[in-house]
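Here are the chains, one letter per residue:
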Amino acid sequence: MSQDKPKAYVNTIGCQMNVYDSQILAGLLQNAGYEQTHDPDLADLVLCNTCAIRHKAQEKAYSFLGRFAGTRIKGKRPLTIMAGCVAQKEKEKAFARLPHLDLVLGTQAFGRFETHVKALIAGETRIVDTAPSENIFEGFPKDALAVKIQVSRFVTIMQGCENFCTYCVVPYVRGKERSRNPHAIVEEIEGLAGSGVREITLLGQNVNSYAGNNGQVSFADLLYLVSRVDGIDRIRFATSHPKDLSMDLIRAMKDIDKVCNHLHLPVQSGSSEILKRMNRKYDRDTYLKRISALRQACPDIALSTDIIVGFPGETISDFQQTMDLLETVEFDAVFAFAYSARSFTPAAKFSNQLDEQTKRDRLNTLLDFQEKITEKKNKAFVGKKVTVLVEGDSPKPRDGFVKKNKNTRQMFGRSGANKIVHFASDQAAGGDLVTLQIINAYPHSLWGEVCESD
Ligand code: 5AD
Ligand code: SF4
(Lines give C-alpha, C1' and ligand atoms only; values in the text may rest on other atoms or scores of the structure.)
(Ligands and ions follow the chains in the order given, each with its own letter.)
Protein backbone atom coordinates (compact mmCIF):
# COMPACT_ATOMS: atom_id res chain seq x y z
CA MET A 1 0.00 0.00 0.00
CA SER A 2 1.36 3.36 -0.92
CA GLN A 3 1.54 5.95 1.86
CA ASP A 4 0.70 8.98 -0.26
CA LYS A 5 -2.49 7.89 -1.96
CA PRO A 6 -5.62 9.54 -0.55
CA LYS A 7 -7.93 7.13 1.26
CA ALA A 8 -11.60 6.44 0.65
CA TYR A 9 -14.09 4.78 2.99
CA VAL A 10 -17.21 3.22 1.44
CA ASN A 11 -20.18 2.40 3.65
CA THR A 12 -23.08 0.35 2.26
CA ILE A 13 -26.59 0.37 3.68
CA GLY A 14 -29.42 -1.71 2.19
CA CYS A 15 -29.94 -4.51 -0.28
CA GLN A 16 -27.69 -6.80 -2.33
CA MET A 17 -27.98 -4.44 -5.29
CA ASN A 18 -26.36 -1.75 -3.16
CA VAL A 19 -23.52 -4.13 -2.29
CA TYR A 20 -22.94 -4.60 -6.02
CA ASP A 21 -23.20 -0.86 -6.70
CA SER A 22 -20.69 -0.10 -3.94
CA GLN A 23 -18.17 -2.35 -5.69
CA ILE A 24 -18.61 -0.18 -8.78
CA LEU A 25 -18.28 3.08 -6.84
CA ALA A 26 -15.18 1.80 -5.03
CA GLY A 27 -13.68 0.82 -8.39
CA LEU A 28 -14.35 4.29 -9.78
CA LEU A 29 -12.73 5.83 -6.70
CA GLN A 30 -9.70 3.63 -7.31
CA ASN A 31 -9.59 4.93 -10.90
CA ALA A 32 -9.65 8.44 -9.46
CA GLY A 33 -6.51 7.65 -7.44
CA TYR A 34 -7.95 6.61 -4.07
CA GLU A 35 -7.12 3.53 -2.06
CA GLN A 36 -9.58 1.88 0.29
CA THR A 37 -9.46 2.28 4.06
CA HIS A 38 -11.51 0.33 6.61
CA ASP A 39 -11.30 3.18 9.12
CA PRO A 40 -13.64 6.09 8.32
CA ASP A 41 -11.69 8.35 10.66
CA LEU A 42 -8.60 8.01 8.45
CA ALA A 43 -10.47 8.74 5.23
CA ASP A 44 -9.92 11.71 2.92
CA LEU A 45 -13.22 10.80 1.26
CA VAL A 46 -16.27 9.17 2.82
CA LEU A 47 -19.04 7.73 0.67
CA CYS A 48 -22.29 6.29 1.95
CA ASN A 49 -24.33 4.21 -0.49
CA THR A 50 -27.80 4.64 0.93
CA CYS A 51 -31.19 2.88 1.16
CA ALA A 52 -34.58 4.62 1.19
CA ILE A 53 -36.88 1.61 1.54
CA ARG A 54 -37.86 2.35 5.15
CA HIS A 55 -37.54 5.45 7.34
CA LYS A 56 -35.02 3.70 9.60
CA ALA A 57 -32.60 2.94 6.73
CA GLN A 58 -32.76 6.55 5.58
CA GLU A 59 -32.07 7.81 9.11
CA LYS A 60 -29.07 5.50 9.33
CA ALA A 61 -27.58 7.20 6.27
CA TYR A 62 -28.15 10.70 7.67
CA SER A 63 -26.70 9.77 11.01
CA PHE A 64 -23.60 8.09 9.49
CA LEU A 65 -22.84 11.04 7.18
CA GLY A 66 -23.58 13.49 9.99
CA ARG A 67 -20.52 12.16 11.84
CA PHE A 68 -18.18 13.83 9.36
CA ALA A 69 -19.40 17.40 9.71
CA GLY A 70 -16.66 18.27 12.16
CA THR A 71 -14.05 15.58 11.49
CA ARG A 72 -10.69 16.97 10.58
CA ILE A 73 -7.92 15.08 8.91
CA LYS A 74 -4.70 16.76 7.84
CA GLY A 75 -6.33 20.07 8.74
CA LYS A 76 -9.51 19.50 6.73
CA ARG A 77 -12.67 17.41 6.87
CA PRO A 78 -13.07 14.52 4.40
CA LEU A 79 -14.97 14.93 1.16
CA THR A 80 -18.42 13.58 2.00
CA ILE A 81 -20.65 11.85 -0.55
CA MET A 82 -24.23 10.61 -0.32
CA ALA A 83 -24.92 8.08 -3.09
CA GLY A 84 -27.81 5.83 -4.08
CA CYS A 85 -31.51 5.80 -3.20
CA VAL A 86 -31.66 8.45 -0.45
CA ALA A 87 -29.55 10.77 -2.63
CA GLN A 88 -31.96 10.25 -5.52
CA LYS A 89 -34.95 10.86 -3.25
CA GLU A 90 -33.64 13.84 -1.29
CA LYS A 91 -31.69 15.79 -3.94
CA GLU A 92 -30.83 19.35 -2.66
CA LYS A 93 -32.93 18.66 0.46
CA ALA A 94 -30.02 16.58 1.78
CA PHE A 95 -28.07 19.81 2.46
CA ALA A 96 -30.64 20.97 5.00
CA ARG A 97 -29.53 18.27 7.43
CA LEU A 98 -26.00 17.77 6.09
CA PRO A 99 -24.66 21.20 5.14
CA HIS A 100 -21.15 19.75 4.81
CA LEU A 101 -22.15 17.27 2.08
CA ASP A 102 -19.99 17.66 -1.06
CA LEU A 103 -21.82 15.43 -3.54
CA VAL A 104 -25.33 14.00 -3.83
CA LEU A 105 -25.03 11.19 -6.38
CA GLY A 106 -28.29 9.66 -7.64
CA THR A 107 -28.85 6.06 -8.66
CA GLN A 108 -28.38 6.71 -12.38
CA ALA A 109 -25.39 9.04 -12.20
CA PHE A 110 -22.58 6.51 -11.77
CA GLY A 111 -21.30 7.17 -15.31
CA ARG A 112 -20.51 10.75 -14.27
CA PHE A 113 -19.08 9.91 -10.84
CA GLU A 114 -15.40 10.18 -11.79
CA THR A 115 -15.95 13.63 -13.32
CA HIS A 116 -17.68 14.76 -10.13
CA VAL A 117 -14.87 13.42 -7.94
CA LYS A 118 -12.31 15.34 -10.03
CA ALA A 119 -14.41 18.49 -9.60
CA LEU A 120 -14.51 17.95 -5.82
CA ILE A 121 -10.74 17.53 -5.70
CA ALA A 122 -10.45 20.78 -7.67
CA GLY A 123 -12.43 22.50 -4.91
CA GLU A 124 -16.03 22.39 -6.09
CA THR A 125 -18.67 21.49 -3.52
CA ARG A 126 -22.39 20.85 -3.12
CA ILE A 127 -22.74 19.04 -6.45
CA VAL A 128 -26.11 17.36 -7.05
CA ASP A 129 -26.53 14.85 -9.88
CA THR A 130 -29.81 12.98 -9.85
CA ALA A 131 -30.48 13.07 -13.59
CA PRO A 132 -32.12 9.95 -15.03
CA SER A 133 -30.38 7.78 -17.58
CA GLU A 134 -31.98 5.67 -20.30
CA ASN A 135 -29.10 3.21 -20.50
CA ILE A 136 -27.37 0.97 -18.05
CA PHE A 137 -23.69 1.85 -17.91
CA GLU A 138 -21.40 -1.04 -18.79
CA GLY A 139 -17.70 -1.61 -18.36
CA PHE A 140 -17.43 -0.43 -14.77
CA PRO A 141 -14.60 -1.78 -12.60
CA LYS A 142 -15.99 -4.26 -10.05
CA ASP A 143 -13.10 -5.64 -8.08
CA ALA A 144 -11.84 -2.72 -6.06
CA LEU A 145 -13.59 -3.60 -2.81
CA ALA A 146 -12.13 -6.46 -0.87
CA VAL A 147 -15.40 -8.40 -0.87
CA LYS A 148 -15.87 -10.69 2.09
CA ILE A 149 -17.10 -13.75 0.24
CA GLN A 150 -15.00 -14.57 -2.80
CA VAL A 151 -16.74 -17.79 -3.79
CA SER A 152 -20.17 -16.25 -4.15
CA ARG A 153 -20.84 -12.96 -5.91
CA PHE A 154 -23.75 -10.76 -6.95
CA VAL A 155 -24.35 -9.70 -10.55
CA THR A 156 -27.00 -7.06 -11.22
CA ILE A 157 -28.88 -7.93 -14.44
CA MET A 158 -31.43 -5.13 -14.47
CA GLN A 159 -32.23 -1.89 -12.78
CA GLY A 160 -35.37 -0.02 -11.85
CA CYS A 161 -38.95 -1.11 -11.30
CA GLU A 162 -42.27 -0.15 -12.85
CA ASN A 163 -44.60 -2.11 -10.63
CA PHE A 164 -45.55 0.77 -8.36
CA CYS A 165 -46.61 -1.22 -5.32
CA THR A 166 -48.37 1.48 -3.31
CA TYR A 167 -46.03 1.26 -0.30
CA CYS A 168 -42.76 1.23 -2.23
CA VAL A 169 -40.37 4.07 -2.99
CA VAL A 170 -38.19 2.02 -5.37
CA PRO A 171 -39.87 3.03 -8.68
CA TYR A 172 -39.35 6.68 -7.71
CA VAL A 173 -35.68 6.34 -6.79
CA ARG A 174 -34.45 3.61 -9.14
CA GLY A 175 -36.31 4.70 -12.27
CA LYS A 176 -37.68 2.69 -15.19
CA GLU A 177 -36.93 -0.98 -15.73
CA ARG A 178 -33.75 -1.42 -17.79
CA SER A 179 -32.24 -4.83 -18.60
CA ARG A 180 -28.52 -5.30 -19.15
CA ASN A 181 -27.23 -6.87 -22.32
CA PRO A 182 -27.12 -10.68 -21.85
CA HIS A 183 -23.65 -10.93 -23.41
CA ALA A 184 -22.25 -8.33 -21.02
CA ILE A 185 -23.74 -10.33 -18.13
CA VAL A 186 -22.26 -13.62 -19.34
CA GLU A 187 -18.88 -11.98 -19.96
CA GLU A 188 -18.86 -10.56 -16.44
CA ILE A 189 -19.72 -13.99 -14.99
CA GLU A 190 -17.01 -15.68 -17.07
CA GLY A 191 -14.53 -13.20 -15.61
CA LEU A 192 -15.72 -13.94 -12.08
CA ALA A 193 -15.53 -17.71 -12.68
CA GLY A 194 -11.95 -17.21 -13.88
CA SER A 195 -11.08 -15.54 -10.58
CA GLY A 196 -12.43 -18.42 -8.47
CA VAL A 197 -16.09 -17.48 -7.99
CA ARG A 198 -18.32 -20.60 -7.84
CA GLU A 199 -21.77 -19.15 -7.14
CA ILE A 200 -23.60 -16.26 -8.77
CA THR A 201 -26.70 -14.47 -7.53
CA LEU A 202 -28.45 -12.60 -10.36
CA LEU A 203 -30.02 -9.42 -9.03
CA GLY A 204 -32.87 -7.12 -9.99
CA GLN A 205 -35.96 -5.62 -8.34
CA ASN A 206 -38.01 -8.06 -10.38
CA VAL A 207 -35.75 -10.47 -12.27
CA ASN A 208 -38.73 -12.30 -13.80
CA SER A 209 -39.42 -9.34 -16.05
CA TYR A 210 -35.84 -9.32 -17.39
CA ALA A 211 -36.01 -8.58 -21.13
CA GLY A 212 -32.53 -8.55 -22.66
CA ASN A 213 -31.73 -7.55 -26.26
CA ASN A 214 -34.91 -5.49 -26.55
CA GLY A 215 -37.11 -8.26 -25.23
CA GLN A 216 -35.61 -11.16 -27.17
CA VAL A 217 -33.96 -12.80 -24.15
CA SER A 218 -36.23 -13.71 -21.23
CA PHE A 219 -35.08 -14.42 -17.71
CA ALA A 220 -35.47 -18.17 -18.29
CA ASP A 221 -33.27 -17.81 -21.43
CA LEU A 222 -30.69 -15.92 -19.39
CA LEU A 223 -30.58 -18.73 -16.81
CA TYR A 224 -29.72 -21.20 -19.59
CA LEU A 225 -26.99 -18.86 -20.91
CA VAL A 226 -25.45 -18.37 -17.47
CA SER A 227 -25.62 -22.11 -16.71
CA ARG A 228 -23.21 -22.73 -19.61
CA VAL A 229 -20.41 -20.73 -17.97
CA ASP A 230 -17.68 -23.19 -16.96
CA GLY A 231 -16.61 -22.99 -13.35
CA ILE A 232 -19.92 -21.67 -12.04
CA ASP A 233 -21.49 -24.46 -9.97
CA ARG A 234 -24.49 -22.62 -8.58
CA ILE A 235 -26.92 -19.95 -9.71
CA ARG A 236 -29.29 -18.05 -7.44
CA PHE A 237 -31.48 -15.05 -8.18
CA ALA A 238 -33.53 -12.39 -6.40
CA THR A 239 -36.09 -10.93 -6.33
CA SER A 240 -39.03 -12.57 -8.09
CA HIS A 241 -42.48 -11.03 -8.32
CA PRO A 242 -45.25 -13.64 -7.90
CA LYS A 243 -47.29 -12.13 -10.75
CA ASP A 244 -44.41 -12.84 -13.19
CA LEU A 245 -43.45 -16.33 -12.03
CA SER A 246 -44.05 -18.06 -15.37
CA MET A 247 -44.23 -21.78 -16.15
CA ASP A 248 -41.18 -21.21 -18.40
CA LEU A 249 -39.20 -20.08 -15.40
CA ILE A 250 -40.43 -22.97 -13.25
CA ARG A 251 -39.36 -25.36 -16.03
CA ALA A 252 -35.92 -23.74 -16.25
CA MET A 253 -35.51 -24.08 -12.47
CA LYS A 254 -36.39 -27.76 -12.70
CA ASP A 255 -34.20 -28.39 -15.78
CA ILE A 256 -30.99 -26.58 -14.86
CA ASP A 257 -29.05 -28.46 -12.20
CA LYS A 258 -26.94 -25.42 -11.37
CA VAL A 259 -30.01 -23.39 -10.34
CA CYS A 260 -30.34 -23.78 -6.56
CA ASN A 261 -33.50 -25.26 -5.10
CA HIS A 262 -34.49 -22.08 -3.34
CA LEU A 263 -36.83 -19.29 -4.33
CA HIS A 264 -37.41 -15.95 -2.65
CA LEU A 265 -40.98 -14.99 -3.53
CA PRO A 266 -42.25 -11.96 -1.57
CA VAL A 267 -45.95 -12.29 -0.77
CA GLN A 268 -46.19 -9.13 1.42
CA SER A 269 -49.61 -10.04 2.87
CA GLY A 270 -51.96 -13.03 3.17
CA SER A 271 -55.07 -10.88 2.72
CA SER A 272 -56.41 -10.41 -0.82
CA GLU A 273 -57.96 -7.11 0.20
CA ILE A 274 -54.60 -5.75 1.39
CA LEU A 275 -52.81 -7.15 -1.67
CA LYS A 276 -55.27 -5.26 -3.85
CA ARG A 277 -54.59 -2.01 -2.05
CA MET A 278 -50.85 -2.71 -2.25
CA ASN A 279 -51.29 -2.98 -6.07
CA ARG A 280 -49.52 -6.35 -6.08
CA LYS A 281 -51.62 -7.63 -9.02
CA TYR A 282 -52.22 -11.11 -7.53
CA ASP A 283 -54.46 -12.38 -4.75
CA ARG A 284 -53.91 -14.90 -1.99
CA ASP A 285 -55.29 -17.75 -4.07
CA THR A 286 -53.12 -17.03 -7.10
CA TYR A 287 -50.03 -16.89 -4.87
CA LEU A 288 -50.87 -20.23 -3.27
CA LYS A 289 -51.48 -21.78 -6.70
CA ARG A 290 -48.07 -20.60 -7.94
CA ILE A 291 -46.45 -22.14 -4.85
CA SER A 292 -48.24 -25.44 -5.57
CA ALA A 293 -47.07 -25.43 -9.20
CA LEU A 294 -43.55 -24.74 -8.06
CA ARG A 295 -43.60 -27.49 -5.44
CA GLN A 296 -45.01 -29.91 -7.96
CA ALA A 297 -42.12 -29.22 -10.35
CA CYS A 298 -39.42 -28.95 -7.67
CA PRO A 299 -40.65 -30.91 -4.61
CA ASP A 300 -37.73 -30.05 -2.31
CA ILE A 301 -37.63 -26.36 -3.08
CA ALA A 302 -36.92 -24.08 -0.13
CA LEU A 303 -39.04 -20.94 -0.04
CA SER A 304 -38.54 -17.57 1.57
CA THR A 305 -40.67 -14.44 1.49
CA ASP A 306 -41.06 -10.80 2.55
CA ILE A 307 -44.00 -9.61 4.63
CA ILE A 308 -45.17 -6.11 5.50
CA VAL A 309 -47.29 -5.89 8.65
CA GLY A 310 -49.40 -2.90 9.56
CA PHE A 311 -50.14 -1.66 6.05
CA PRO A 312 -52.73 1.19 6.26
CA GLY A 313 -56.14 -0.26 7.10
CA GLU A 314 -54.81 -3.74 7.98
CA THR A 315 -57.45 -5.23 10.28
CA ILE A 316 -56.89 -8.01 12.80
CA SER A 317 -58.59 -10.33 10.35
CA ASP A 318 -56.20 -9.26 7.51
CA PHE A 319 -53.27 -9.89 9.84
CA GLN A 320 -54.68 -13.29 10.80
CA GLN A 321 -54.83 -14.20 7.13
CA THR A 322 -51.12 -13.42 6.83
CA MET A 323 -50.39 -15.64 9.85
CA ASP A 324 -52.58 -18.32 8.31
CA LEU A 325 -50.67 -18.11 5.02
CA LEU A 326 -47.38 -18.59 6.89
CA GLU A 327 -48.85 -21.70 8.52
CA THR A 328 -50.10 -23.02 5.17
CA VAL A 329 -46.94 -22.44 3.13
CA GLU A 330 -44.35 -23.09 5.87
CA PHE A 331 -41.62 -20.87 4.45
CA ASP A 332 -38.01 -21.70 5.28
CA ALA A 333 -37.32 -18.05 6.03
CA VAL A 334 -39.41 -14.89 6.37
CA PHE A 335 -38.18 -11.29 6.25
CA ALA A 336 -40.87 -9.23 7.94
CA PHE A 337 -41.09 -5.46 8.25
CA ALA A 338 -43.41 -2.97 9.93
CA TYR A 339 -44.98 -0.72 7.31
CA SER A 340 -43.09 2.55 6.97
CA ALA A 341 -44.75 5.48 5.17
CA ARG A 342 -42.53 6.77 2.34
CA SER A 343 -42.67 10.09 0.45
CA PHE A 344 -44.13 9.96 -3.08
CA THR A 345 -45.94 6.65 -2.46
CA PRO A 346 -49.77 6.48 -2.60
CA ALA A 347 -50.05 4.43 0.61
CA ALA A 348 -48.41 7.22 2.61
CA LYS A 349 -51.52 9.30 1.89
CA PHE A 350 -54.06 6.58 2.74
CA SER A 351 -56.19 7.50 5.75
CA ASN A 352 -56.37 4.68 8.36
CA GLN A 353 -52.60 4.55 9.09
CA LEU A 354 -51.88 2.20 12.02
CA ASP A 355 -50.07 3.38 15.13
CA GLU A 356 -46.44 2.33 15.66
CA GLN A 357 -47.20 0.17 18.71
CA THR A 358 -49.79 -1.94 16.83
CA LYS A 359 -47.34 -2.44 13.95
CA ARG A 360 -44.56 -3.46 16.33
CA ASP A 361 -46.82 -5.87 18.25
CA ARG A 362 -47.99 -7.56 15.04
CA LEU A 363 -44.42 -7.79 13.78
CA ASN A 364 -43.27 -9.49 16.99
CA THR A 365 -46.21 -11.91 16.99
CA LEU A 366 -45.44 -12.86 13.40
CA LEU A 367 -41.69 -13.26 13.95
CA ASP A 368 -42.24 -15.49 17.03
CA PHE A 369 -44.66 -17.64 15.08
CA GLN A 370 -42.32 -17.99 12.09
CA GLU A 371 -39.32 -18.82 14.25
CA LYS A 372 -41.01 -22.07 15.26
CA ILE A 373 -41.75 -22.90 11.63
CA THR A 374 -38.15 -22.15 10.59
CA GLU A 375 -36.83 -24.37 13.38
CA LYS A 376 -39.22 -27.16 12.38
CA LYS A 377 -38.07 -26.87 8.74
CA ASN A 378 -34.41 -26.93 9.85
CA LYS A 379 -35.01 -30.00 12.08
CA ALA A 380 -36.39 -31.86 9.07
CA PHE A 381 -32.84 -31.85 7.67
CA VAL A 382 -31.41 -33.85 10.59
CA GLY A 383 -30.23 -37.23 9.29
CA LYS A 384 -30.16 -36.04 5.68
CA LYS A 385 -27.17 -35.40 3.46
CA VAL A 386 -26.67 -31.96 1.94
CA THR A 387 -23.94 -30.55 -0.28
CA VAL A 388 -22.61 -27.15 0.72
CA LEU A 389 -20.47 -24.64 -1.10
CA VAL A 390 -17.81 -23.79 1.48
CA GLU A 391 -17.56 -20.05 2.15
CA GLY A 392 -14.81 -20.04 4.79
CA ASP A 393 -14.13 -20.21 8.54
CA SER A 394 -17.18 -19.85 10.82
CA PRO A 395 -17.16 -16.45 12.49
CA LYS A 396 -18.08 -17.94 15.91
CA PRO A 397 -16.73 -21.49 16.17
CA ARG A 398 -18.25 -23.95 18.67
CA ASP A 399 -15.11 -25.33 20.30
CA GLY A 400 -16.70 -28.47 21.71
CA PHE A 401 -17.90 -29.72 18.35
CA VAL A 402 -14.63 -28.96 16.63
CA LYS A 403 -12.55 -30.86 19.25
CA LYS A 404 -14.98 -33.78 19.32
CA ASN A 405 -14.42 -34.09 15.59
CA LYS A 406 -10.63 -34.00 16.17
CA ASN A 407 -10.26 -30.93 13.98
CA THR A 408 -8.96 -27.48 14.71
CA ARG A 409 -11.12 -25.51 12.32
CA GLN A 410 -14.85 -24.86 12.02
CA MET A 411 -15.94 -23.99 8.53
CA PHE A 412 -19.31 -23.05 7.11
CA GLY A 413 -21.05 -23.27 3.79
CA ARG A 414 -24.47 -22.81 2.27
CA SER A 415 -26.66 -25.62 1.00
CA GLY A 416 -28.59 -25.32 -2.26
CA ALA A 417 -31.66 -24.60 -0.13
CA ASN A 418 -29.73 -21.63 1.29
CA LYS A 419 -29.22 -23.14 4.78
CA ILE A 420 -26.04 -22.19 6.58
CA VAL A 421 -24.29 -25.36 7.69
CA HIS A 422 -21.31 -25.39 10.07
CA PHE A 423 -18.90 -28.31 10.19
CA ALA A 424 -15.46 -29.25 11.51
CA SER A 425 -12.73 -29.85 8.96
CA ASP A 426 -9.04 -29.20 8.50
CA GLN A 427 -9.16 -30.14 4.84
CA ALA A 428 -11.99 -28.10 3.35
CA ALA A 429 -11.28 -24.75 1.68
CA GLY A 430 -13.47 -21.90 0.43
CA GLY A 431 -14.99 -22.82 -2.94
CA ASP A 432 -15.11 -26.58 -2.26
CA LEU A 433 -18.36 -28.49 -2.59
CA VAL A 434 -18.58 -30.76 0.47
CA THR A 435 -21.27 -33.31 1.31
CA LEU A 436 -22.36 -33.27 4.94
CA GLN A 437 -24.61 -35.44 7.07
CA ILE A 438 -26.78 -33.12 9.16
CA ILE A 439 -26.67 -34.02 12.86
CA ASN A 440 -28.11 -30.94 14.55
CA ALA A 441 -30.49 -28.08 13.76
CA TYR A 442 -30.71 -24.61 15.31
CA PRO A 443 -33.09 -21.72 14.57
CA HIS A 444 -30.67 -20.11 12.12
CA SER A 445 -28.22 -22.81 11.07
CA LEU A 446 -27.43 -26.52 10.87
CA TRP A 447 -24.48 -28.61 12.04
CA GLY A 448 -23.12 -31.35 9.79
CA GLU A 449 -20.37 -33.93 9.66
CA VAL A 450 -18.27 -34.52 6.58
CA CYS A 451 -19.36 -37.72 4.85
CA GLU A 452 -16.45 -40.17 4.75
CA SER A 453 -16.94 -40.99 1.06
CA ASP A 454 -15.94 -37.42 0.15
N1 5AD B 1 -42.42 -0.32 4.57
C2 5AD B 1 -42.01 -1.52 5.04
N3 5AD B 1 -41.44 -2.46 4.27
C4 5AD B 1 -41.26 -2.16 2.96
N5 5AD B 1 -40.74 -2.88 1.96
C6 5AD B 1 -40.80 -2.15 0.84
N7 5AD B 1 -41.34 -0.95 1.09
C8 5AD B 1 -41.65 -0.95 2.42
C9 5AD B 1 -42.26 0.01 3.27
N10 5AD B 1 -42.67 1.20 2.83
C11 5AD B 1 -40.28 -4.27 2.12
C12 5AD B 1 -41.03 -5.23 1.18
C13 5AD B 1 -39.99 -5.55 0.16
C14 5AD B 1 -38.72 -5.49 0.98
C15 5AD B 1 -37.47 -5.37 0.20
O16 5AD B 1 -38.91 -4.36 1.78
O17 5AD B 1 -41.39 -6.37 1.92
O18 5AD B 1 -40.18 -6.83 -0.43
FE1 SF4 C 1 -41.05 -2.07 -4.81
FE2 SF4 C 1 -43.07 -3.54 -5.79
FE3 SF4 C 1 -41.03 -2.82 -7.39
FE4 SF4 C 1 -40.63 -4.63 -5.47
S5 SF4 C 1 -42.01 -4.87 -7.22
S6 SF4 C 1 -39.30 -2.87 -5.94
S7 SF4 C 1 -41.97 -3.90 -3.84
S8 SF4 C 1 -42.52 -1.44 -6.42
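The numbers attached to residues start from 1 for each chain and follow its sequence in the written order. Note on labels: chains are lettered from A, ligands numbered from 1, in written order. With the structure being a predicted model, the display of local features is reserved for residues of pLDDT at least 70 and the display and counting of side-chain atom pairs for 80 or more, all residues being used for whole-chain, interface and lining totals. Remark: hydrogens and water are excluded; side-chain values derive from all non-hydrogen atoms of the structure.

**Q** Would you mind showing me how to read the pattern of salt bridges here?
**A** Note on pairing: side chains with opposite charge can pair once their charged atoms come close. For this analysis, a salt bridge means a side-chain nitrogen from Lys or Arg found within 4 Å of a carboxyl oxygen belonging to Asp or Glu. Counting across every chain of the model gives 23 salt bridges. The partner of R234 in a salt bridge is E199, with the nearest N and O atoms 3.9 Å apart. Here R234, found in strand β12 (residues 234-238), pairs with E199, found in strand β10 (residues 199-203); they are 35 residues apart in sequence, far enough to count as distant. Neither R234 nor E199 differs from the other in exposure class; each is buried. Its salt-bridge partner being K289, residue D285 comes within 3.5 Å of it at the nearest N-O pair. Here the residue D285 and the residue K289 both occupy positions in helix α12 (residues 284-297), the gap between them amounting to four residues, near one helical turn. Helix numbers and strand numbers start at the N terminus; a helix is a DSSP run of H or I with at least 4 residues, a strand a run of E with at least 2. A simple rule labels every residue: compare its accessible area, found with a 1.4 Å probe on the protein chains alone, to the largest value its type can have, and call it buried under 20%, exposed over 50%, or partly exposed in between.

**Q** Sorry if this is basic, but what is going on with the domain arrangement of the protein here?
**A** Buried accessible area, meaning the area lost when the parts come together, often serves as the stated size of an interface. Splitting the protein by domain gives domain 1 (7-129), domain 2 (142-374) and domain 3 (384-450). For domain 1 and domain 2, the distance between their C-alpha centroids amounts to 28 Å. Note on contacts: a residue pair qualifies if any of its non-hydrogen atoms lie within 4.5 Å across the two residues. Counting residues at the interface gives 23 residues for domain 1 and 30 residues for domain 2. Overall, the association of domain 1 and domain 2 removes approximately 2400 Å² of surface from exposure, summing both partners, and the carbon and sulfur fraction of that is 59%. Buried area adds together the accessible area that both of two parts lose upon being put together, with accessible area traced by a 1.4 Å probe. Sorting the residues of domain 1 by area buried against domain 2 places M17, Y20 and Q23 first, and these three jointly supply 31% of that buried surface. Segment limits for the domains were obtained from an automatic or database-derived domain assignment.

**Q** Explain the nonpolar core here, please?
**A** Grouped burial of nonpolar side chains is what soluble globular proteins tend to show. Judged by nonpolar contacts, the single largest core of 67 residues is most densely connected at L202, F219 and L223. Not counting residues up to four positions away in its chain, the partners in contact with L202 are V155, I157, I189, V207, F219, L222, L223, V226, I235, R236, F237 and A238. Here, nonpolar core means buried Ala, Val, Leu, Ile, Met, Phe, Trp, Tyr and Cys residues that are tied together by side-chain atoms lying within 4.5 Å of each other.

**Q** Any chance you could explain the packing of aromatic side chains here in plain terms?
**A** Geometry of an aromatic ring pair is reported as the spacing of the ring centres plus the angle between the planes. Centre distance within 6.5 Å is the pairing criterion for rings of Phe, Tyr and Trp, where only the six-membered ring of Trp is used; planes under 30 degrees apart are then read as stacked, over 60 as edge-to-face, and the remainder as tilted. Under the defined criterion, the tally for this structure stands at nine aromatic pairs. Their ring planes at 35 degrees and their centres at 5.9 Å tell us that Y172 and F344 sit as a pair that is tilted. Of this pair, Y172 sits in helix α6 (residues 170-174) while F344 is found in the loop between β15 (333-338) and α14 (356-379), placing the two residues 172 residues apart along the sequence. Residue classification places Y172 among the partly exposed positions, given a relative accessible area of 31%. Accessibility expressed as a relative area gives 44% for F344, which makes it partly exposed. One aromatic cluster is present, formed by Y167, F311, Y339 and F350 through successive ring pairs. Look at NZ for Lys and CZ for Arg. If either is within 6 Å of the ring centre and within 35 degrees of the ring normal, a charge sits over the ring. Cation over ring: R54 sits above F337, and NZ or CZ is 3.7 Å from the ring centre. One Lys or Arg, R97, reaches over the ring of Y62 and ends 4.1 Å from the middle of that ring.

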